[in-house]
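As a plain string of letters, each chain reads:
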Amino acid sequence: MDRLLRYFLGRFIRRGSITFTTASGAQFSCGDGTGTPVAARFMTRAAEVRVLVDPELYLGEAFMDGTFVVERGTIAEVLAVLMGQAAMLPNFARMQAWVRFLGRRAQQINVRGRSRSNVASHYDLDGRLYSLFLDADKQYSCAYFEAPDATLDDAQLAKKRHLAAKLLIKPGHRILDIGSGWGGLGLYLAEMSGADVTGVTLSTEQLQISNARAAERSLADSARFLMQDYRDIPGPFDRIVSVGMFEHVGVAYYETFFKRCAELLSDDGVMVLHSIGRSTGPDVTSPWIRKYIFPGGYIPALSEVMPAIEKAGLLICDMEILRLHYAETLKAWRERFMARREEAVRLYDEAFARMWEFYLAASEMSFRVQNMMNFQLQLTKRQGVVPITRDYIGHEEARLRLREAVAAKPRLQLAGE
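Residues numbered from 1 in each chain as written. Predicted model: local features only at pLDDT ≥ 70, side-chain atom pairs only at ≥ 80, totals over all residues. Heavy atoms only, no water.

Undergrad: So what's going on with the overall build of the protein? Residues and values would help.
TA: Within the protein, the regular secondary structure consists of 18 helices and eleven strands. With 417 residues in all, the protein has 55% of them scored as buried. For the protein, the share of sequence-separated contacts (at least 6 apart) that also reach a separation of at least 24 residues comes to 72%. For the protein, the exposed surface amounts to about 18300 Å²; the carbon and sulfur share of it is 54%. (Helix = DSSP H or I, 4+ residues; strand = E, 2+ residues; numbered from the N terminus. Buried < 20%, exposed > 50% of the residue type's maximum accessible area, 1.4 Å probe, protein only. Contact = heavy atoms within 4.5 Å. Areas by Shrake-Rupley, 256 points an atom, 1.4 Å probe, with all protein chains shown as cover.)

Below, the structure is given as structure tokens:
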């Protein structure tokens, strides 16, 4: 077994510097010696066999159950080496990937009941878990780093501002937020733009927190959040925004999604879609991610998205690719999670903490060394709805910064308070 492991891993790993120790105690190194050296150990022969049979699924499982242990460096650094190779997958894993690709649509059958179940499996986890690593506003999507030294909170605020600028909101506009999370974006749009916001989610946990936050900030009259599928919400709306939800739609439902958005959008309306995307064409969801993190989820290639937009009769007015912004977001999440890892163990257990660490590290490296990115698409139903140059985005962001400064001023206290 040691020889097989050395042979197959050696043929795949040509970059970086990683040393493996097998279950029998033998050691061998792979790579060209560049970069930070890392080391890992297989604790059992079964773990070695499983990783060779299906590395995309079983490496994460071996890390979770403690049969694959990082002895030098972190799992993020180990994954940086493994995922940073010239080939996306080792040759011995390509057959499984091809079979999964053929069956990917069956894995993404997101009818209403299944969509709600998939959302609940991830977003209805104990809310204290997300507080361990997200920013104060609980933004669980790619931040927008305007400067390399921006904090996570500043970058998430910049993301909301950037989206709001592209939406060109006027006071009184009716806004639909599809996949409204914990309400942060919807509350920002209501407060900063004077709009009337309706957010829809399929997460009970997020719904309760969103409406509680709206009431706490005296925004309940202008920002409400509903437990409702986007396919069932009545319209029309002047603006539609969706952030981090499209990854849960599924390839077979793209036409349904954009057709419904076109029906909901007013003739002079603007929609902005923010999603993770692939730069290298259609693929398949990691089996480990699908099993443990996002059942029913799939990250689209733009080539899969564009035909559905065209068929819905929507026009693309602006497209922006955010490169490495999510890598930096995930790095911040991972570092914050690791700083409070023991709290996650107390909430769940050690295996869960290892699972979450692997999830954040693998996701970060998929953006940092592989082909993942984020895209923002601005859509309308006709020409002439948005300005013909992009200058307005910067002007709108400047205006919103002034509004934020006013809103952030502390309340004046009366004498004796």
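Undergrad: Please provide a residue-by-residue account of a nonpolar patch on the surface, values included.
TA: Taken together, the side chains of I316, M319 and I321 present a nonpolar region at the surface, about 240 Å² in accessible area. Checked against the element boundaries, M319 lands in strand β10 (residues 315–322). Using a relative accessible area of 43% as the deciding quantity, one classes M319 as partly exposed. (Patch = residues over 30% accessible without salt bridge, like charges linked within 9 Å, V, L, I, M, F, W, Y side chains within 5 Å. Salt bridge = Lys/Arg side-chain N within 4 Å of Asp/Glu carboxyl O.)

Undergrad: So, the side chain of T19: which residues are in play, and what are the values?
TA: The residue T19 is located in strand β1 (residues 17–21) in this model. A distance of 2.8 Å separates a polar atom in the side chain of T19 from a polar atom in the side chain of S29. Excluding its chain neighbours within four sequence positions, the residues that come into contact with T19 are Q27, F28, S29, V38, A39 and A40. (Polar contact = N/O pair within 3.5 Å; in protein donor to acceptor, adjacent residues only side chain to side chain.)

Undergrad: Please give an account of the sheet that holds β10 that cites residues and values.
TA: With mixed pairing, the seven strands of this open sheet are ordered in space as β7-β6-β5-β8-β9-β11-β10. Edge strands, defined here as strands with exactly one partner in the open sheet, are β7 (223–227) and β10. Within this sheet the neighbouring strands show an average axis-to-axis angle of 15 degrees, counted without direction. In this sheet, strand β8 (residues 237–243) lies alongside strand β5 (residues 174–178) in parallel orientation, the contact comprising four bridges. (Pairing = 2+ DSSP bridges. Axes fitted to C-alpha atoms, helices over the stretch in contact; angles between N-to-C directions.)

Undergrad: Any chance you could break down the sheet that holds strand β2 (residues 27–31) for me, citing the residues and the numbers?
TA: If you trace the four strands from one edge of the open sheet to the other, you get β2-β1-β3-β4, paired in mixed fashion. On the outer flanks of this sheet lie β2 and β4 (68–72), each paired with one strand and no other. This sheet shows a mean twist of 25 degrees between the axes of neighbouring strands, independent of strand direction. Examined bridge by bridge, β1 and strand β3 (residues 38–42) share four bridges and lie parallel to one another. The residue bridging F20 from the neighbouring strand is A40, located in β3.

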